[in-house]
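Geometric and topological summary
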Amino acid sequence: MKKLYVFPARNRTTLDFETLLFRRIDQRASDLFEKIKTEIDPQLDRSETETLAVFLLTLMHRSPAGIAAMRELSRVMFDDVRRGMRDRYDAIRTEHDPKTFEEYEAQAGPNEYLDHFSDIFRTVVFNERVAAFLARMHWKRINLIEPGRRLLLSDDPLIRTNGLAGQEGHVAFPVSPTIAVIGCNDSRYFDTIFSLTARQLIEAMNIQTVESARHFVVDVDESQLRFVANRFGSKPRPTLSEASLRDAADQEDVTPLNL
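Keep in mind that what you see is a predicted model, and the values were worked out from it rather than measured.

Comments concerning the confidence of the model for the protein chain
For the protein chain, per-residue confidence averages 88 on the pLDDT scale, and 94% of positions sit at 70 or higher. Of all the helices and strands in the protein chain, helix H10 (residues 240–252) carries the lowest mean pLDDT, 71, while helix H9 (residues 225–231) carries the highest, 97. With pLDDT under 50 throughout, residues 253–259 is counted as low confidence; its partners more than four residues away or in other chains account for 13 contacts.

A few points about unusual backbone geometry
Positive phi is not limited to glycine here, since lysine 3 has a value of about 55°. Secondary-structure assignment places lysine 3 in the segment before strand S1 (6–9).

Here we look at a nonpolar patch on the surface
A cluster of nonpolar residues, Leu153, Phe216 and Val218, forms a patch on the protein surface that exposes about 230 Å² of accessible area. Among the secondary structure elements, phenylalanine 216 is positioned in the loop between helix H8 (198–211) and strand S8 (217–218). Owing to a relative accessible area of 41%, phenylalanine 216 belongs among the partly exposed residues under this scheme.

Some details on the nonpolar core
Core analysis: the largest hydrophobic core is formed by 33 residues, its most contacted members being Phe33, Phe121 and Phe173. Mapped by element, the contributors of at least two residues to this core are helix H1 (17–38), helix H2 (46–59), helix H3 (64–92), helix H5 (114–125), helix H6 (128–136), strand S6 (170–176) and strand S7 (179–184). For this core, the element with the most residues is H1, which contributes eight residues. Apart from the residues lying within four places of it in its own chain, the contact partners of phenylalanine 173 are Phe33, Phe55, Leu56, Leu59, Leu153, Pro157, Leu158, Ile179, Ala180 and Val181. Within the second largest apolar cluster, 14 residues are counted, among which are Leu144, Ile182, Tyr189 and Ile202.

Reading the values: the criteria
Numbers given to residues run from 1 along each chain, matching the order in which its sequence is written. Residue-level local features of this predicted model are given only where pLDDT is at least 70; pairs of side-chain atoms are given and counted only at 80 or more, and the full residue set underlies all totals for whole chains, interfaces and linings. To get the side-chain values, all heavy atoms of the structure are used, and hydrogens and water are removed first. The predictor reports its confidence for every residue as pLDDT, a score running from 0 up to 100. Secondary structure elements follow DSSP: runs of H or I of four or more residues count as helices, runs of E of two or more count as strands, with numbering from the N terminus. A contact between two residues is defined here by any heavy atoms of the two lying within 4.5 Å. For patch detection, residues must exceed 30% relative accessible area and be free of salt bridges, and they are connected within 9 Å for like charges or within 5 Å for nonpolar side chains (Val, Leu, Ile, Met, Phe, Trp, Tyr). Computed with the Shrake-Rupley method and a 1.4 Å probe, the accessible areas treat only the protein chains shown as cover for residues. Here, a salt bridge means any Lys or Arg side-chain nitrogen found within 4 Å of an Asp or Glu carboxyl oxygen. Residue burial is assigned from relative accessible area. The probe radius is 1.4 Å, only protein chains are included, and a residue is buried under 20% of its type maximum, exposed over 50%, and partly exposed in between. Only buried residues count toward a nonpolar core, which is a set of Ala, Val, Leu, Ile, Met, Phe, Trp, Tyr and Cys residues joined through side-chain atoms within 4.5 Å.

Okay, structure coming up:
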């Protein structure tokens, strides 16, 4: 999607997060994954673990659906603030503001929230608390060699549990068709993971990857095409922003847009 990461900013300007942030993050992650793939026993230092955590965190928000939901969520939040201002406008108005709230609202226009969207996006996508949590997880590389089976990649590439903070909370990412990185909240859960065969792990990861896909699945050839065709998009997972938007709709009786 062209200009997916270009957002309006204040004073009629725009911010291109691809140029400002994502390009550097992706390059660092690419260099890190090359180390993970090629070294016999890769050991990640603190900086490398933080790079991995930030990259995976951005993947939770960078899809077209995630950004659309976050944009709508920012509108819902902004409208809620505006409603709160209505009753207090006379008390908070300065001499430079319009005399009535209606005049202020007409002057601001319906898309004023977009001026603040880039701030919200940056705050959410680079949430320090969540990034620190991911960096503190226990991380391991896992080699998955199985004839006729490879790890697949899709537009929803993170294999993860619904909650990461529990004893079984974990997240995984395919670094190559035969290598993945897996992070566990509780290191004891690795015993469960490594009790499975390579075939079982590959199948479990690929099922989640393919079922949650919305746009595409990637493989090195078409040998797993039937597996993909039978499962493609059958269980799409809501992005974090879509889930938050639905929660807001349930709590505030807001009707979200069709995303």
